[in-house]
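The residues making up each chain are set out below.
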Amino acid sequence: MSLYHEAAEILSLSPEAGGNLKTRIFNRKDLKSPQQQIYALALETCKWSAVLKEVIENAGILKLERKLTPILASLLVHDYLLAKKGIALPSTHGLRAAVERHKARLSSELTRARLRRKAVSIDALRDQVEAAFAEKENLYPRWVRVNTLLTTLEDQLDGTFNDFTRVHSTKDVISGRGKCLYIDEHVPNLLAVSPSFEITKTDAYKSGKVILQDKASCFPAYLLDAMPEDGDAIDTCSAPGNKTTHLTAIIRSRIPDAPVKQPKVFAFEKNPRRAKTLEKMVKLAGGDKITRIGFGQDFLKVNPAGSVYKEVGCLLLDPSCSGSGIVSRDSLPTLYLPEPAGANPQPPKAGKEQNRKRKRTDDGGKDADKPVLVDDDGEETVLSSEKELSARLEALASFQLILLQHAMEFPAAKKITYSTCSIHAQENEQVVLKALQSDVARRRGWRILKRQQQVRGMHEWPVRGSLEGAEGDEDVAEGCIRSYKDDGRGVMGFFVAAFTRDPDQAEDDGDGPYLRDDDGRIVRDKVGMPTMKYGQRALSQGSHEKPQDNTNRAAEDDNAEAADESYSEVDSDDVGDDEWDGFGD
Ligand SMILES: C[S@@+](CC[C@H](N)C(=O)[O-])C[C@H]1O[C@@H](n2cnc3c(N)ncnc32)[C@H](O)[C@@H]1O
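Residues numbered from 1 in each chain as written. Predicted model: local features only at pLDDT ≥ 70, side-chain atom pairs only at ≥ 80, totals over all residues. Heavy atoms only, no water.

Moving on, we get to the site of the ligand. Of all residues adjacent to the ligand, which total 24 residues, the nearest are K243, E269, R274, D298 and D318. At 2.6 Å from an oxygen atom of the ligand is found a side-chain nitrogen or oxygen belonging to E269. In the complex, 100% of the free accessible area of the ligand, which totals 600 Å², lies under the protein chains. Broken down by secondary-structure element, the contributors of at least two residues to the shell around the ligand are α13 (242-254) and α15 (386-407). When grouped by side-chain class, the residues that make up the shell around the ligand number seven nonpolar, eight polar and nine charged. (Near = heavy atom within 4 Å. Polar contact = N/O pair within 3.5 Å; in protein donor to acceptor, adjacent residues only side chain to side chain. Areas by Shrake-Rupley, 256 points an atom, 1.4 Å probe, with all protein chains shown as cover. Helix = DSSP H or I, 4+ residues; strand = E, 2+ residues; numbered from the N terminus. Nonpolar A, V, L, I, M, F, W, Y, C, P; charged D, E, K, R; others polar.)

In structure tokens, the structure reads:
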């Protein structure tokens, strides 16, 4: 199947097929054409579709060329008129000939469409098309983290962004004309740039010097505030690796240049396919010397008492969640299609989009009011009822809590951050409260890191946890950090809390909370869950169901998606058995 047929098939999928344009393409294993090429063609055709519709209808080619469907015609005419290399088919190919036979008409209709829009050149028209797309699809700036493992903020301001206008807020970035940039006031080395700027085409992006990462997704590593004296760090749930590389960059920036012992970052990822992406991201970002990846490794099976982890002082926990805070940059772009042959088109009016719009996000109201969960790969699942959502949230929260309690077991740990991209209190403040009330927190002296003790940017961030979700506990609510999509701050919905340990308050017997057999191994039940010493189950009722790995990081992991293109499955047999305590130094 040709590139054009494959792109046409993707764009024709019904809304029920779910997913955004990226996931619809990059999750497919059966495509013959390069996924990146299909994606670029489909996206650009959508952007230009209002213009292409006018050109194709006025040139009348659908009546003359019966093998062209409206979608195929839009894709081919896009490439013929606007792509540098024209139509990517041999000159003798029937589809190419069907378009090129009408060269003169198509070119003059494009000129007319341009003049109707008062654009002096094709480049001016291109700017208009990009601006219209950005206005409709991007209500958020592009968040760009400068990766200090490979570059500096100053170098990037002087290089990649040297022709950008500095503005005073993220709102100005979105509304500003041309290329605008704002240096974030909360997270160091973070920039908000104009959404229409094609950063993925820059050398800085391709070489890992800048990383696309939503502002809120930068909170956990910054809030963790790892210091050289904290020793090693763990990223418990790492792929695709944005927070791993951020954490690594912060740690690296704080190590003196003199040859002192280098802290390590252990990065676990239980999904072998995602672990491959993590590896690519870490390498591209220049973090591979410091980071040790646990491929396909379940963090719950890592033994906190293992000697390799005896110097782990900080843990970042960003587990799978419902993904309800994700911004809908993942919705499908609008596609305006020319009327098929035989229809009676209305004469187009300049600059007005009064044409037929494919309703891919509207399924006629069937599923419109149903709750949706988004998984780690961006797949959406429509749940049949609020009850089903509540059950899923409960299962997720139980799994999140057990991970957090496991993180609290590491003997030298002093700092933990817990984060989700969920807006639901069940997965957020409620997990924090339960963790604080847990046996391990009491035994080891864990408490919430209060707002006034947080690093400056996080202390100053105004949006705090829900008092209701924290059951009236003001220290917990104020200590928790939230963000909401659509509140005008230009960030995704997110939650993060930090825990700190007060060894003076600890009641530790030094032996951990889990029941162990004669060989010192944790005793597990038949589904593999650890058994608590005091007769408690490590997981609460209902959580033995495999939790759905629900986090779409499409909004924050564009670099990862690019790196993800050549995924290869790793044999899950490679995954270590039972407890796993070593990278085998
Ligand atoms: C929300 S994503 C992490 C995003 C990542 N922190 C980032 O910023 O790029 C959650 C990841 O945790 C992984 N995961 C879930 N449970 C895990 C476990 N028990 N051990 C290790 N990884 C786990 C999932 O496969 C998924 O890749």
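Following the structure, the description resumes.
Moving on, we get to unusual backbone geometry. In this structure, P240 follows A239 across a cis peptide bond, with omega equal to 5°. Phi is positive for K118, which is not a glycine, with a value near 55°. Overall, the relative accessible area of 74% leaves K118 in the exposed class. (Buried < 20%, exposed > 50% of the residue type's maximum accessible area, 1.4 Å probe, protein only.)

Listed under "binding site: S-adenosyl-L-methionine" (unreviewed entry) in the UniProt record, and renumbered for this structure, are C237, S238, A239, P240, G241, N242, K243, E269, D298 and D318. Within the secondary structure, A239 sits in the loop between β6 (232-235) and α13. Residue position: K243 is located in helix α13. (UniProt positions renumbered as here; feature names shortened; annotations may be inferred.)

With that settled, the discussion passes to helix α1 (residues 3-12). For α1, the buried fraction is high: seven of the 10 residues fall into the buried class. When we look at burial in α1, the residues that qualify are L3, Y4, E6, A7, A8, I10 and L11.

Quick look at the environment of H406 now. With respect to the secondary-structure elements, H406 resides in helix α15. Looking at H406, the relative accessible area reads 1%, which means it is buried. The spatial distance from the C-alpha of H406 to the C-alpha of N303 is 9.1 Å, given a sequence separation of 103 residues. A polar side-chain atom of H406 sits 2.7 Å from the main-chain carbonyl oxygen of V302.

Below, the discussion takes up the pairing of strand β15 (residues 494-501). Burial within β15 is extensive, with eight of its eight residues counted as buried. Side chains of β15 alternate between two faces, with F494, V496, A498 and T500 and F495, A497, F499 and R501 buried alike. The pairing of strand β14 (residues 481-483) with β15 spans three bridges and is classified as antiparallel. The partner of I481 across the bridge, within β15, is V496. (Pairing = 2+ DSSP bridges.)

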